[in-house]
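What the coordinates show
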Amino acid sequence: MGCQGGQAADEKPRIVFVIGGPGCGKGTQCKRIVQNFKYQSFSTGDLLRQYVKDKKEGYEEIENQMKEGKLISSMTLMKVLKEYIVHSRNKKILVDGYPRNQENIDVWEKEMKDLVEVKGALYIEVSNEEMKKRLLGRNEGRADDNEETIAKRLTTFEKETKPIVEYFEKQGNLIKIDGMKTVDEISKEIGDKFKEKGLD
């Protein structure tokens, strides 16, 4: 309690968004960043799956949308994310898989603008052919890893998320990484860029 008013600006959570298509390796690299730079990582996918598992309010609708490869509504995502971010003890936070479209950004601006400081967006760039190959070979038993759903997710990514990359690029806070390299090479490149931008 007692932290209203003159809270120092550096006490706000510092956010780095992690964006990229399905199967681009975001999860793997987030784990590396957590290890190397002591960030807290929140994956929207994991948080939503946890929400469904815990059978929280409205979980059936979320479950159906995930099975069909549809995007979860921005307000639903925001509600889940805000809960975790605001209560995180670690103030260095990766948000994996968000924002996915312009509406996500608009809702984020409205709900989170004064609560956090967005430091940038990390974009791991991988070709659609490679993402499809990786997803089909992943075989984690997830309901959304079949060919038809993958095709839908890639189309959604092209249409909805690619423009987000341009949005951050225009703002001058996009960190673009070549996701076609090896895991270690990508990790090193991310580490170099984080240090360069004072995100370590």
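The following paragraphs examine the structure supplied in this document.

Definitions and cut-offs
- Residues numbered from 1 in each chain as written.
- Predicted model: local features only at pLDDT ≥ 70, side-chain atom pairs only at ≥ 80, totals over all residues.
- Heavy atoms only, no water.
- Core = buried A, V, L, I, M, F, W, Y, C linked by side-chain atoms within 4.5 Å.
- Buried < 20%, exposed > 50% of the residue type's maximum accessible area, 1.4 Å probe, protein only.
- Helix = DSSP H or I, 4+ residues; strand = E, 2+ residues; numbered from the N terminus.
- Contact = heavy atoms within 4.5 Å.
- Arc of directions from axis to C-beta.
- Phe/Tyr/Trp six-rings, centres within 6.5 Å; stacked < 30°, edge-to-face > 60°.
- Pairing = 2+ DSSP bridges.
- Axes fitted to C-alpha atoms, helices over the stretch in contact; angles between N-to-C directions.

Across soluble globular proteins, nonpolar side chains show a tendency to be buried alongside one another. Ranked by internal contacts, the top residues of the largest apolar core, which has 39 residues, are I15, F17, I85, V95, Y98, W108 and F168. Take this core: its biggest share by element is six residues, from helix α7 (residues 147-171). In this structure W108 touches I15, F17, M78, I85, Y98, K113, V116 and V118, once residues within four positions along its chain are discounted. Ranked by size, the runner-up nonpolar core spans 14 residues in total, among them V16, V18, C30 and I186.

Now for the side chain of T44. Examined against the element boundaries, T44 turns out to sit in helix α2 (residues 44-53). If we skip the residues at most four places from it in the chain, T44 touches L77, L81, D96, G97, Y98 and R100.

The complete set of buried residues in helix α5 (residues 102-112) reads N104, I105, V107, W108 and M112. Viewed along the axis of α5, the buried residues span an arc of 165°, placing them on a single side of the element. Of the surrounding elements, those touching the buried residues of α5 are β1 (14-19), α4 (74-86), β4 (117-125) and α7.

The next point concerns the packing of aromatic side chains. Scanning the entire structure with this criterion turns up eight aromatic pairs. Here F17 and F168 contribute two aromatic rings whose centre-to-centre distance is 5.8 Å and whose plane-to-plane angle is 45°, an arrangement assigned as tilted. Here the residue F17 occupies a position in strand β1, and F168 occupies one in helix α7, the gap between them amounting to 151 residues. The same class applies to F17 as to F168, namely buried.

With respect to the helices and strands, E169 occurs in helix α7. Taking the C-alpha atoms as reference, E169 lies 8.9 Å from A121; in sequence the two are 48 residues apart. Residues within four places of E169 in sequence aside, it is in contact with L174 and K176.

Attention now moves to the pairing of β4. If a strand is regular, its side chains alternate between the two faces of the sheet. Bridge count for β1 against β4 is six bridges, and the pairing is parallel. What sits directly across from F17, in β4, is A121. One ladder, built from five bridges, connects β4 with strand β5 (residues 174-178); its direction is parallel. Within the sheet, the bridge partner assigned to A121 lies in β5 and is L174.

What follows concerns the sheet that holds β4. Strands sit in the order β2-β3-β1-β4-β5 across an open sheet of five strands; the sheet is parallel. The open sheet has two edge strands with one neighbour each: β2 (40-43) and β5. Between one strand axis and the next, the sheet turns through 20° on average, direction left out of account. As judged from the five bridges shared by β1 and strand β3 (residues 92-96), these two strands associate in the parallel manner. Following the sheet pairing, R14 is matched in β3 by K92.

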